[in-house]
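Architecture at a glance
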Amino acid sequence: MVTAKMVQALAARLDKAELLVTDGAVFPVAGLADYAVVRNGDGTQMYLVRITDGHENCTCPDYQQRQKAAGMPCKHLLAAQLALENTPQPPAAPVAMLPTKIDPSAGLAAIMAPRKVAA
Ligand SMILES: [Zn+2]
């Protein structure tokens, strides 16, 4: 069960996570909506965080060595969740229409629709 001590530890971690968000330490990763790069408290390290439900991960030592096994989020994971879940994702860019390739040897016939010659 989740003990009072665990909740206290999580609450303290959430406070640190909120500080990271307000400090602008969470950076979205272009094209990867479930990922963020989070700078640590003193600005010496950057960690890659994935918030995908069931596939959460952070590259920090705390998560890799302790929290992952305990099923607990590190402060970077919490910060990424706070920052990303409040940011609406931009709509997917429309797929660009590529011009149809034209074989130059076919000449104009490749471009112009064949005309039916009236009989
Ligand atoms: Zn972490």
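Before reading further, recall that the structure is shown in the block above.
In short, a report on the structure. Computed from a predicted model, the values in this text were never measured in an experiment.

What about the overall build of the protein?
Along the backbone of the protein there are four helices and four strands. From first element to last, N terminus to C terminus, the protein shows the α and β order α-β-β-β-β-α-α-α. Counting only residues that meet the buried cut, the protein has 20% of its 119 residues in that class. Of the contacts formed within the protein by residues at least 6 apart in sequence, a portion of 43% connects residues at least 24 apart.

With respect to the nonpolar core
Counting 18 residues, the largest nonpolar core has Val26, Val38, Val49, Cys58, Leu77, Ala79 and Ala80 as the members making the most contacts within it. Elements supplying a minimum of two residues to this core: helix H1 (4-22), strand E2 (32-39), strand E3 (46-50) and helix H3 (75-85). At five residues, H3 tops the list of elements feeding residues into this core.

Quick look at the environment of Asp34
Along the chain, the position of Asp34 falls in strand E2. Overall, Asp34 belongs to the partly exposed group, with 15 C-beta atoms counted inside 10 Å. A sequence separation of 15 residues divides Asp34 from Val49, and the C-alpha atoms of the two residues are 8.3 Å apart. In contact with Asp34, not counting residues within four places along its chain, are Arg50, Ile51 and Thr52.

Here we look at the sheet that holds E3
Within the open sheet, the four strands sit side by side as E1-E2-E3-E4. Their pairing is antiparallel. Since the sheet does not close on itself, it has two edges, and those belong to strand E1 (26-29) and strand E4 (57-58), each with one partner. Direction of pairing for E3 relative to E4: antiparallel, over a ladder of two bridges. When the bridges of E4 are listed, Val49 appears paired with Cys58. Sitting on the sheet, H3 is in contact with E1, E2, E3 and E4, with an inclination near 130 degrees to E2.

Some remarks on the pairing of E1
Where E1 lies against E2, four bridges are found, and the strand directions are antiparallel. The residue bridging Val29 from the neighbouring strand is Leu32, located in E2. Linking two consecutive strands that pair antiparallel, namely E1 and E2, is a turn of two residues; a positive phi of about 85 degrees is found at Gly31 within it.

What about H3?
Of the residues making up H3, those classed as buried are Lys75, His76, Leu77, Leu78, Ala79, Ala80 and Ala83. Residues of H3 that are buried make contact with H1, E1, E2, E3, E4 and helix H2 (61-70).

Things to note about the pairing of E3
Of the two faces of E3, only one is covered, namely that formed by Tyr47 and Val49; the face formed by Met46, Leu48 and Arg50 stays uncovered. Of the strand pairs in this sheet, E2 and E3 are connected by five bridges, and their pairing is antiparallel. Note that in E3 the partner of Val38 across the bridge is Tyr47. Between E2 and E3, which pair antiparallel and follow one another directly, the connecting turn spans six residues, one of which, Gly43, has a positive phi of 75 degrees. Counting the residues between successive antiparallel strands, the hairpin from E3 to E4 contains six residues, one of them, Gly54, with a positive phi of roughly 85 degrees.

Cut-offs and rules
Residues numbered from 1 in each chain as written. Predicted model: local features only at pLDDT ≥ 70, side-chain atom pairs only at ≥ 80, totals over all residues. Helix = DSSP H or I, 4+ residues; strand = E, 2+ residues; numbered from the N terminus. Buried ≥ 20, exposed ≤ 12 C-beta atoms within 10 Å, placed from the backbone. Contact = placed C-beta atoms within 7 Å. Core = buried A, V, L, I, M, F, W, Y, C linked by C-beta atoms within 7 Å. Pairing = 2+ DSSP bridges. Axes fitted to C-alpha atoms, helices over the stretch in contact; angles between N-to-C directions.

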